[in-house]
Protein chains: 2
Amino acid sequence: MNKPYVLGIDIGGTNTVFGIVDARGVVIASSSIKTLKHADFNDYIDELHTEVTRLLKANDAEDKILGIGIGAPNANYYTGRIEACVNLPWPMPVPLAQTVSEKFGIPVAITNDANAAAIGEMTYGAARGLRDFIMITLGTGVGSGIVINGQLVYGHDGFAGELGHVIMKRNNGRLCGCGRTGCLEAYCSATGVARTAREFLEIRSDDSLLRQLPLDSITSKDVYDAAVKGDKIANEIFEYTGNILGEAFADFTAFSSPEAFVLFGGLARSGDLLLRPLRESMEKNMMKMFKGKVKVILSELKEADAAVLGASALGWEAGKANTAPSPVAMPTQA
Amino acid sequence: MNKPYVLGIDIGGTNTVFGIVDARGVVIASSSIKTLKHADFNDYIDELHTEVTRLLKANDAEDKILGIGIGAPNANYYTGRIEACVNLPWPMPVPLAQTVSEKFGIPVAITNDANAAAIGEMTYGAARGLRDFIMITLGTGVGSGIVINGQLVYGHDGFAGELGHVIMKRNNGRLCGCGRTGCLEAYCSATGVARTAREFLEIRSDDSLLRQLPLDSITSKDVYDAAVKGDKIANEIFEYTGNILGEAFADFTAFSSPEAFVLFGGLARSGDLLLRPLRESMEKNMMKMFKGKVKVILSELKEADAAVLGASALGWEAGKANTAPSPVAMPTQA
């Protein structure tokens, strides 16, 4: 193959990270620009093109890129656009795939961050060989990418896989960033864990290492550190979090009966503090026919490379898509 | 095509109904035998073969059957077996697909009733042309068949799509037939509606036509009849049921973002008594990005023919599957 690489681009609210990736998932080289520097989207694309070209030249990779994959918030695989995103400065919708494809002369496919993570895990990571799994990203929010029969689930409108927003508490649930109450994300994200800590500390009176910190500044990392030191309340916060995740996973299993859940993100690195109660709760809450069948495993992608790897995995798909109709944006001059 | 028909077989707890179906979904002829008559599975298959052969001869359809599709409780598409079912008299698992295929010399595929209904609806009914929809059967229980990207979702083990058993009430939920509490099925099946009626009548003191009936004998049909006559409690029972279904549909949408939910079964025939609160609740409980996008429609298959049509639709797939590996059981003499 004379085009042995793909380019992965991860557009975050702060940085846009991009990297050249080979077929085994090695990030050959990577760099980044600031996402918010340009209020004009075309100026942003110009700088991205300049910096990517510089990276390609420095690594003798010009004309060796098969396709470009982009992960971005609310990016729609079908339309190739970012439909709406309050964290990006450009007028919505942003015609991302078409613009990048025209600028670089390379096929482009885009999707949201969690879907990119799922494809990355399937291509290079813990989900290699799995045809049915659900990727769950436990970061600031709870994201998901669902793979069924070897294919990512985009749904009718391209927005499937919003599992952070299934309702876990139908009464008296916490307000979620989406405007509704009781969502999984309001409990089981890093911010959800911090909220649980504040609730526990307010409601209870027993001692805790966490009481040494200002209530409003407590993070999930603080809870982790206290739990590792044997703090009772901190451990119970992980118990509470894992329990809700397990309830959710039991319901998700009734939907698509996956072989595994693959966890990614800061909270997933809590290890057995989270995994033990999660697995126990999942098994306890599952239908009998599913018990003992579903694995909960951790991502095998390096945290620093994961976003670029995830996006890049979609580049292989884009590069192989030669036939219309396809959600892949093809450069018109190609 | 010299084999213009398929055979659909629906194995129920009481009757086994079978019919010859053409490509447009017309049931050319149908008949039935008693499912429970034979404790020996092979005796059952012998009688089924005799009666099907009689039907084929009478309709000049011998050698014109492309494939056989079977819908049966807990039938697994991948293994071709009924894995476990308390309502059938034979030792489990039952090697259904292989046995029927050998006996008839015709390719056979099997799945459970709700999945068969989904395939039937996609092949001949309200879901023609839809690539992403969720079939919900509201009968004695709540069944589901999920179609994503034009394909039925079987999941890793063949048992995906148990949406009647997602948990809608995490606290103080009703006991479900599956042994757990709070399942959708415990509220939104025909029996669930009858249970709601008993609860409402016990807890409340206002008058109702339903109070003229012995509490334990009230059925969902009784509730429907009273509601049509303007009975307040009966109407509120439908409101309560539709509300829970709408909450569930909002969550299902966050999973696979379907174009439509297709409803089938006795309760679905309640019309706007159920559909109005269901649609209102679904829209109210949905994430903003999905609002106004998802249709709730009714099955277009005739109730009497639906089970046979659903099963038969799988027969086309079985008939076209000539390559191994495939979940379709092929007769060895073929």
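Whatever comes next refers back to the structure up there.
Here we summarise the structure given alongside this text. Nothing here was measured: the structure is a model prediction, and the numbers come from that model. (Residues numbered from 1 in each chain as written. Chains lettered and ligands numbered in written order. Predicted model: local features only at pLDDT ≥ 70, side-chain atom pairs only at ≥ 80, totals over all residues. Heavy atoms only, no water.)

1. Considerations on the pattern of salt bridges
Line of reasoning, step 1. Throughout the structure, instances matching the rule amount to 38 salt bridges over all chains.
Line of reasoning, step 2. When the shortest N-O distance is used, the salt bridge between Arg 128 of chain A and Glu 300 of chain A registers 3.9 Å. Here Arg 128 of chain A is found in the loop between helix H3 (113–124) and strand S6 (133–138), whereas its partner Glu 300 of chain A is found in the loop between strand S10 (295–298) and helix H9 (303–320), with 172 residues between them in sequence. Across the pair, exposure class does not vary: Arg 128 of chain A and Glu 300 of chain A are exposed alike.
Line of reasoning, step 3. Among the ionic pairs, Glu 303 of chain B bridges to Arg 269 of chain B, the shortest N-O distance being 3.4 Å. Taken together, the positions of Glu 303 of chain B in helix H9 (residues 303–320) and Arg 269 of chain B in the loop between strand S9 (260–264) and helix H8 (272–285) put the pair 34 residues apart, joining distant regions of the chain.
Line of reasoning, step 4. Overall, Arg 269 of chain B belongs to the exposed group, its relative accessible area being 57%. (Salt bridge = Lys/Arg side-chain N within 4 Å of Asp/Glu carboxyl O. Helix = DSSP H or I, 4+ residues; strand = E, 2+ residues; numbered from the N terminus. Buried < 20%, exposed > 50% of the residue type's maximum accessible area, 1.4 Å probe, protein only.)

2. Focus on the side chain of Asp 132 of chain A
Residues and elements named next belong to chain A.
Line of reasoning, step 1. Within the secondary structure, Asp 132 is located in the loop between H3 and S6.
Line of reasoning, step 2. In this structure Asp 132 is buried but unpaired, with Arg 131 as the nearest side chain of opposite charge at 5.7 Å.
Line of reasoning, step 3. Side-chain polar atoms of Asp 132 contact the backbone nitrogen of Asn 149, separated by 3.0 Å. (Lys, Arg positive; Asp, Glu negative; His and termini not counted. Polar contact = N/O pair within 3.5 Å; in protein donor to acceptor, adjacent residues only side chain to side chain.)

3. Structural notes on the sheet that holds S10 of chain A
All names here are of chain A.
Line of reasoning, step 1. Pairing is mixed in the open sheet, where five strands are placed in the order S8-S7-S6-S9-S10. Edge strands, defined here as strands with exactly one partner in the open sheet, are strand S8 (151–152) and S10.
Line of reasoning, step 2. With five bridges joining them, S6 and strand S9 (residues 260–264) adopt parallel strand pairing. Bridge pairing links Ile 134 to Phe 261 in S9.
Line of reasoning, step 3. Those strands touched by helix H7 (residues 232–256) are S6, strand S7 (142–148), S9 and S10, and its axis lies near 150 degrees from that of S6. (Pairing = 2+ DSSP bridges. Contact = heavy atoms within 4.5 Å. Axes fitted to C-alpha atoms, helices over the stretch in contact; angles between N-to-C directions.)

4. What about H9 of chain A?
All names here are of chain A.
Line of reasoning, step 1. For H9, spanning 18 residues, the distance from its first C-alpha to its last is 27 Å, which sits close to the expected 26 Å at 1.5 Å a residue.
Line of reasoning, step 2. Roughly 30 degrees is the biggest bend found in H9, and it falls at Leu 309.
Line of reasoning, step 3. Most of H9 sits out of view: 13 of its 18 residues are buried. (Expected span 1.5 Å × (residues − 1). Bend = angle between axes of the 7 residues up to and from the residue.)

5. So, the relation of the copies chain A and chain B
Think of it as a corkscrew move, a rotation about one axis and a shift along it, taking one chain copy to the other.
Line of reasoning, step 1. Its rotation angle being 180 degrees, the transformation that places chain A on chain B also includes 0.0 Å of axial translation and leaves an RMSD of 0.1 Å. Such a combination of rotation and displacement between the chain copies is what one expects of a two-fold axis. (Least-squares fit on C-alpha atoms with pLDDT ≥ 70 in both.)

6. Looking at unusual backbone geometry
Among all residues except glycine, the phi angle is most often negative; among peptide bonds, the trans geometry is most common.
Line of reasoning, step 1. Residue Met 92 of chain A is joined to Pro 93 of chain A through a cis peptide bond whose omega torsion reads -10 degrees.
Line of reasoning, step 2. With respect to the element layout, Pro 93 of chain A can be found in the loop between strand S4 (65–71) and helix H2 (96–104).
Line of reasoning, step 3. At Asp 63 of chain A, a residue that is not glycine, the phi angle is positive and equals roughly 65 degrees.
Line of reasoning, step 4. Topologically, Asp 63 of chain A is positioned in the loop between helix H1 (41–58) and S4.
Line of reasoning, step 5. Asp 63 of chain A gets classed as exposed once you look at its relative accessible area, which sits at 69%.
Line of reasoning, step 6. Positive phi, normally seen in glycine, also occurs at Ser 257 of chain B, with a value near 45 degrees.

7. Things to note about the interface of chain A and chain B
Line of reasoning, step 1. Facing the 38 residues of chain A at the interface are 38 residues of chain B.
Line of reasoning, step 2. Summed over both sides, the interface of chain A with chain B buries roughly 3,400 Å², with 57% coming from carbon and sulfur.
Line of reasoning, step 3. Among the residues of chain A in contact with chain B, His 156, Arg 170 and Phe 255 of chain A are the three that bury the most area, contributing 24% of the side total.
Line of reasoning, step 4. Linking chain A with chain B are six salt bridges.
Line of reasoning, step 5. Here Asp 157 of chain B makes a salt bridge to Lys 293 of chain A, at a shortest N to O gap of 2.7 Å.
Line of reasoning, step 6. Where chain A meets chain B, there are 20 residue pairs in polar contact (both at pLDDT 80 or more).
Line of reasoning, step 7. Of all the secondary-structure elements, those providing two or more residues to the side of chain A that touches chain B are S7 and H7 of chain A.
Line of reasoning, step 8. A total of six residues in the side of chain A that touches chain B trace back to one element, the largest contributor, which is H7 of chain A.
Line of reasoning, step 9. In terms of residue class, the side of chain A that touches chain B is built from 19 nonpolar, ten polar and nine charged. (Buried area = accessible area lost by both parts, 1.4 Å probe. Nonpolar A, V, L, I, M, F, W, Y, C, P; charged D, E, K, R; others polar.)

8. Quick notes on the sheet that holds strand S7 (residues 142–148) of chain B
Line of reasoning, step 1. Strand order in the open sheet made by the five strands is S8-S7-S6-S9-S10 (chain B), with mixed pairing throughout. Either end of the sheet is taken by a strand with one partner, and the two such strands are strand S8 (151–152) and strand S10 (295–298) of chain B.

9. Some points on empty space enclosed by the protein
Line of reasoning, step 1. The final tally for this structure, using the stated rule, is one cavity of 30 Å³ or more.
Line of reasoning, step 2. Of the volumes computed, that of the largest cavity is approximately 160 Å³.
Line of reasoning, step 3. Val 166, Asp 251 and Phe 252 of chain A together with Val 166 and Asp 251 of chain B are, among the 16 residues lining the largest cavity, the residues nearest its centre.
Line of reasoning, step 4. Among the secondary structure elements, those contributing two or more residues to the lining of the largest cavity are H7 of chain A together with helix H7 (232–256) of chain B.
Line of reasoning, step 5. Take the lining of the largest cavity: its biggest share by element is four residues, from H7 of chain B.
Line of reasoning, step 6. Partitioning the lining of the largest cavity into residue classes produces twelve nonpolar, no polar and four charged. (1 Å grid on protein atoms, 1.4 Å probe; cavity = no way out; pocket = protein on both sides within 12 Å on 5 of 7 lines; lining within 4 Å. Points joined across faces, edges and corners; volume = space filled by probe spheres on them.)

10. A word on the pairing of S9 of chain B
Residue and element names in this part refer to chain B.
Line of reasoning, step 1. Of all the five residues making up S9, five are buried; the element is thus mostly covered by neighbouring parts of the structure.
Line of reasoning, step 2. Side chains Ala 260, Val 262 and Phe 264 of S9 all project onto a buried face; the interleaved residues Phe 261 and Leu 263 project onto the opposite face, where all are buried too.
Line of reasoning, step 3. In terms of strand pairing, S9 meets S10 through four bridges, oriented parallel. Its bridge partner being in S10, Ala 260 is matched across the sheet by Lys 295.

11. Remarks on the packing of helix H5 (residues 190–203) of chain B against H7 of chain B
Residues and elements named next belong to chain B.
Line of reasoning, step 1. Between H5 and H7, the least distance of the axes is 10 Å, while the angle of their chain directions is 125 degrees. With respect to H7, the axis of H5 lies oblique. By crossing handedness, the relation of H5 to H7 is classed as right-handed. Here Val 193, Thr 196, Ala 197, Phe 200 and Leu 201 of H5 come into contact with H7, specifically with Ile 233, Glu 236, Ile 237, Tyr 240 and Thr 241.
Line of reasoning, step 2. In terms of residue class, the contact of H5 with H7 is made up of seven nonpolar, two polar and one charged. (Parallel < 35°, antiparallel > 145°, perpendicular 65-115°, else oblique. Left-handed = near helix turned anticlockwise from the far one by under 90°.)

12. Let's talk about the packing of aromatic side chains
Line of reasoning, step 1. Taken as a whole and judged by the stated rule, the model has 23 aromatic pairs over all chains.
Line of reasoning, step 2. If you follow Lys 169 of chain A out to its NZ or CZ, it ends over the ring of Tyr 187 of chain A, 5.8 Å from the centre. (Phe/Tyr/Trp six-rings, centres within 6.5 Å; stacked < 30°, edge-to-face > 60°. Lys NZ or Arg CZ within 6 Å of the ring centre and 35° of its normal.)

Coordinates in, geometry out; function isn't part of it.
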